[in-house]
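# Observations on chain architecture
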Amino acid sequence: MAVCTGCSLLCEDIEVALKTGAIEKAKNLCRKGQGHFQALFSDRTVPSVEGGETSLDQAIEKAANILMNAKDPLLYGWSNSSLEAQKVGIELAKKLEAKIDDTSSFCQGQLLERVLKGELPSCTLDDVRNFADVSVFWGADPSNSHPRHLSRFSYYPRGSKRQKGYEEERNCVVIDVRKSSTAKLCSDYFRIPPGGDAEFAEAIIAILDGKMPRFGDKKRMIGLASIFKKADFGAIFPGLGLVYSLVQKMEIFENLVARLNDVSNYKVVPMVGHYNMRGFNELMLDETGYINQISFKNGVHHGSENSVTMAAKSSDACLVVGSDPLSALPFVIARSLAKSQLVVIDPRRSLTTDAAKVVIPSAMSGLESGGKAVRMDGVRISFEPIFESNLLSDEEILTRIMEAI
Amino acid sequence: MGIDLRIITFRDIFQYEAGKKSRFSPEFQNLSAQIIMDKDDMVQLGLKDGQNVCLENEMSKIVVKAIQTDDEPHPGLAFMTNSPWSNQLVKDNINDRIIPDFKAILVQASASNESVTNLAELLERLRH
Amino acid sequence: MVSAMEIYQLLPQAACKECGYVSCMALAVALLSREKKLEDCPSLFDPKYADKLNKLKELLAPLEQASETGLIIHDEKCFGCANCVVACPVNVANDPTGSAIGLGPKSDKVILVIENGVVRCLNPNECRRFGPNRILCNACTATCPSKAIEFV
C-alpha cells in the first residue's frame, strides 16, 4: 500500500504495479492522484544555473551563495514537503535570519490558525465517517479539489454509528456561489451571492436565536437551521470560497460555530489543499507561536509584511520549495518573484523553475522519498518511497544548503 | 461594446490534471484560458459558445475562450480556474488584506477576433 | 444518451412487421435495450436506407460497450472519486471492510473499482440490474458528480 501525496487527504490505500519507467496499474487513485503519480514521468527538472545545465553540486553551491549574500531573503513553499524537510527549512530561515511563509498565507491559514490554537472545535475525518450525520461544504467543492472526501469520510461511507446508507443517515449541505459538482450531489444546496457568506451565517444565527432570517428564502433557511439543530454530530468543511469572502470578518463564522455548539455538536475541518500545509503550520506554531508569515531577523517577528504576497516585492532573493507561485499568484507578484534572485527546489518544471536563477531537482515527496505529513484533520501519516530514485529529497538538499552556508 | 463582469476562480479536476502533466501543454492552456459565462451575458456580447472574449482591467488584458454555463443564470458573474491566465487580472493592491482578490476579479469583457493569449506571451510579460 | 425516438426516426417506418414487432417504435425500444439487432430489420438493408443505416450504426455503437446490465462508463468524464464504489449496495454487502467504509475494495466480489484514476466495472453479473429478478438500482449514477456512468 502506498500513500498518495496529491492532496491533504493523504489516501493510504493506494496499490501501484510498476513497470520500467511507467505505472502499469494503479488502484484506488482518483483522477487527481493519478495525475500526481503520472507527473513522475514528464517535465522533470535538471540542475541549472542561469538557464544552463550544471552539476547538482554547482547548483547547490550557487543557491547557498545567493541566499548567503541576500539582504532580505524569503523562504517560501513548504506545503508539498515532508515534516522532516520543513524542519530543516525553518532552521535554514533562522540561520539566514530570513522571512518564511507558506501557501496557507493566501489559503486556509486564517481558519487553520484558529483550529490549531483551539479556538475552533475540530475533529478527525475518521470521526466524521463514524459519527457525523450532517456535513456542510461551505465555499468548497471537494469533488474537484479532494475527490475522495465524500466517499472516504463525509457522505457515502458506512461508519460505526452510521451503519445505514447515506440517504437515510446523512445530510450533505453545500453553500456556494455556483452549482459545483458537489452541489449537484448534496441533499441541500444553497446558492448565495458572491460575498453573501456573512449574511448567510448571520441569518442562521438569527434563526437559532428565535428570530426571522433576513437573508435568503425564509422557509428554506429555517429548514436548514432545523437540520442543524437536529444533528447528532455536524462537520463543517470551509473552503476558499468562505475564507476569501469573510477575510476580516471571520468572527462571524466563529460565532455561528459557537451557536451551533449550543444546540448540538459541531466541528470544523478546513479544506486544506496541499498535502502537508497543516504540517508546516503546526511546526511553525510550535517554533514561533504563529503558523506563518515570520521574519527571523533579530528575533521572531510575525506580520503580513512577511507574507509571500507582500514579501515577494521587497525581498531581494527567494527560495521556493515545491511550489509554483508564478502560476498561482497574481501577475504583479509573480513578476516581482521572477525578477528576484530566485532559487527553486522542485522535482518538476514549472513557470517558477523556468524563471529561476538556480534550479535544484528533488525527489518527488511521497513517491521517490519518504517521510511524515499531517493530514488536513491533524492525523500524522508516514509514507515510504515507492519508486527508486537517485534524486535527493528536499530534506537532503536543504541540509546541504545549510552546510554550505 | 463591453460589459462588466466579476470573475470568481474555482477548482476543476481536469484543469488540475492537465497542469500536473505539464504546465506547458496545450491541454493546460485550453482548460485554463477559458471563462464560463452566463447565457444572456454572451448574447449581449454577441458571443457563441467557444468564441473568443477579451477580458481587460487596470492590471492586464487577455483573450480567452467563452464557454456557456450549464448552471442557473448568473448574469454579471463568470468563472475561471486559478491559473496564470486568471492571475493576469488579479489586483496586487492587497494592503493589509494579504489575500488577493482571486474571487472578485472585476473586468470589462468584449467580443474579440484576436487569438487566445498563449502561455509564451504570459511568460514574456513576466520577464518585462 | 441515445433515445428510442432518435432510433425510431432513422428506421424505415414501413410497419412491415418483419422484425416481429407491430411498429418501428417497438423495434426502436428493443434496439435500445439490445434485445434486437439492426439485422433483425431486413428493410433497413435496402440501399435506399444506406445513410440511415450508417447513422444508426454510429448511434448504437456506444451501446455495444455496455455490460450485460446496460452499464456504460465514460472514462473521460470520471473523477475517480469512488462515490459509486462506496455507495453500490453490492459492494457494501460483499466488501464490508473495504469499499463499505470508504477504502479501496478488499474483496474480489465487488462490481465497481477505481483503476488508473477512473471507475471500472468487474462482475457485472452481481449487479442488481442483472438477471430475472433485476431491480432498477441507481446507486452508482445517483452519486456520480459528472454523469460518467449511465445505463442504457
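Everything below is about the structure printed above this text.
Residues numbered from 1 in each chain as written. Chains lettered and ligands numbered in written order. Predicted model: local features only at pLDDT ≥ 70, side-chain atom pairs only at ≥ 80, totals over all residues. Heavy atoms only, no water.

### Focus on the sheet that holds strand β11 (residues 266-268) of chain A
All names here are of chain A.
- The strand order across the open sheet formed by five strands is β9-β8-β7-β10-β11, and the pairing between neighbours is parallel. Each edge of the open sheet carries a strand with a single partner, namely β9 (188-191) and β11. The sheet shows a mean angle of 15° between the axes of neighbouring strands, taken without regard to direction.
- With five bridges connecting them, strand β7 (residues 134-138) and strand β8 (residues 171-176) associate as parallel partners. Among the inter-strand pairings, V134 is bridged to a residue of β8, identified as N171.
- Contacting β7, β8, β9 and β11, helix α11 (residues 218-230) crosses the sheet at an angle of about 130° to β9. (Pairing = 2+ DSSP bridges. Helix = DSSP H or I, 4+ residues; strand = E, 2+ residues; numbered from the N terminus. Axes fitted to C-alpha atoms, helices over the stretch in contact; angles between N-to-C directions. Contact = heavy atoms within 4.5 Å.)

### Comments concerning the nonpolar core
- Residues F200 and F253 of chain A together with I35, M37, V53 and L55 of chain B are the most contacted members of the largest nonpolar core, which totals 142 residues.
- Considering every element that reaches this core, the biggest residue donor is helix α10 (residues 197-208) of chain A, with eight residues.
- Of the residues that make up this core, three or more belong to each of domain 1 (45-103 + 274-404) and domain 2 (109-268) of chain A.
- The contacts of I35 of chain B, once residues within four sequence positions are left out, are L5, I7, V53, L55, V64, K65, A66, I67, A78, F79 and M80 of chain B.
- Of all hydrophobic cores here, the second largest spans 37 residues; its members include L75, V88, F296 and I397 of chain A. (Core = buried A, V, L, I, M, F, W, Y, C linked by side-chain atoms within 4.5 Å. Buried < 20%, exposed > 50% of the residue type's maximum accessible area, 1.4 Å probe, protein only. Domains from an automatic or database assignment.)

### A short note on the interface of chain B and chain A
- Taken together, the contacts link 44 residues of chain B with 51 residues of chain A.
- Considering only the side of chain B, the residues that lose the most area to chain A are I13, I99 and L126 of chain B, jointly responsible for 16% of the buried surface there.
- Where chain B meets chain A, there are four salt bridges.
- Between D324 of chain A and R23 of chain B there is a salt bridge, with its nearest N and O atoms 2.7 Å apart.
- Applying the counting criterion to the chain B and chain A interface returns 17 residue pairs in polar contact (both at pLDDT 80 or more).
- Going through the elements one at a time, β1 (3-10), α1 (13-21), β5 (77-81) and α4 (119-127) of chain B are the ones with two or more residues in the side of chain B that touches chain A.
- Broken down by element, the side of chain B that touches chain A gets its largest block of residues, seven residues, from α1 of chain B.
- Taken together, the residues that form the side of chain B that touches chain A break down as 19 nonpolar, eight polar and 17 charged. (Buried area = accessible area lost by both parts, 1.4 Å probe. Salt bridge = Lys/Arg side-chain N within 4 Å of Asp/Glu carboxyl O. Polar contact = N/O pair within 3.5 Å; in protein donor to acceptor, adjacent residues only side chain to side chain. Nonpolar A, V, L, I, M, F, W, Y, C, P; charged D, E, K, R; others polar.)

### Comments concerning the pairing of strand β14 (residues 317-321) of chain A
All names here are of chain A.
- Burial of β14 is extensive: five of the five residues sit out of reach of the surface.
- Of the two faces of β14, both are covered, the one formed by A317, L319 and V321 as well as the one formed by C318 and V320.
- With five bridges joining them, β14 and strand β15 (residues 341-345) adopt parallel strand pairing. Across the sheet, the residue bridging to V321 is I345, located in β15.

### Considerations on the environment of K17 of chain C
- Its place among the elements puts K17 of chain C in the loop between α1 (4-10) and α2 (24-32).
- K17 of chain C sits 24 residues away from C41 of chain C along the chain, and the two C-alpha atoms are 8.8 Å apart.

### Concerning the pairing of strand β2 (residues 22-27) of chain A
- The sheet contact formed by strand β1 (residues 15-19) of chain A and β2 of chain A spans five bridges and is antiparallel. Its bridge partner being in β2 of chain A, K19 of chain A is matched across the sheet by A22 of chain A.

### Examining the packing of helix α4 (residues 109-116) of chain A against helix α13 (residues 250-263) of chain A
All names here are of chain A.
- Viewed as axis vectors pointing N to C, α4 and α13 meet at an angle of 45°, and their least axial separation amounts to 11 Å. One finds that α4 runs oblique with respect to α13. When you trace α4 past α13, the crossing you get is right-handed. For the pair formed by α4 and α13, the contact residues are Q110, L111 and R114 on the first element and M250, F253 and E254 on the second.
- Residue composition of the contact of α4 with α13, by class: three nonpolar, one polar and two charged. (Parallel < 35°, antiparallel > 145°, perpendicular 65-115°, else oblique. Left-handed = near helix turned anticlockwise from the far one by under 90°.)

### Examining the packing of aromatic side chains
- Summed over all chains, the structure comprises 17 aromatic pairs over all chains.
- Here the aromatic rings of F106 of chain A and F102 of chain B are separated by 6.0 Å at their centres, their planes lie at 45°, and the arrangement is tilted. Remark: F102 of chain B occurs in the loop between β5 and β6 (105-111) and F106 of chain A occurs in the loop between β6 (99-102) and α4; the pair is interchain, linking two chains. For the pair shown, F106 of chain A and F102 of chain B are each scored as buried.
- Judged by centre distance (4.7 Å) and plane angle (40°), the ring pair of Y155 of chain A and Y156 of chain A falls under tilted. Here Y155 of chain A and Y156 of chain A have matching classes, each one buried.
- In textbook terms, an aromatic cluster arises when at least three aromatic residues are bridged by ring pairs, as seen for W138, F190, F200, F215 and F253 of chain A.
- One cation-aromatic arrangement involves K32 of chain A over Y16 of chain B; the distance from NZ or CZ to the ring centre is 4.4 Å.
- Geometry around F24 of chain B places R349 of chain A over its ring, the cationic atom sitting 3.6 Å from the centre. (Phe/Tyr/Trp six-rings, centres within 6.5 Å; stacked < 30°, edge-to-face > 60°. Lys NZ or Arg CZ within 6 Å of the ring centre and 35° of its normal.)

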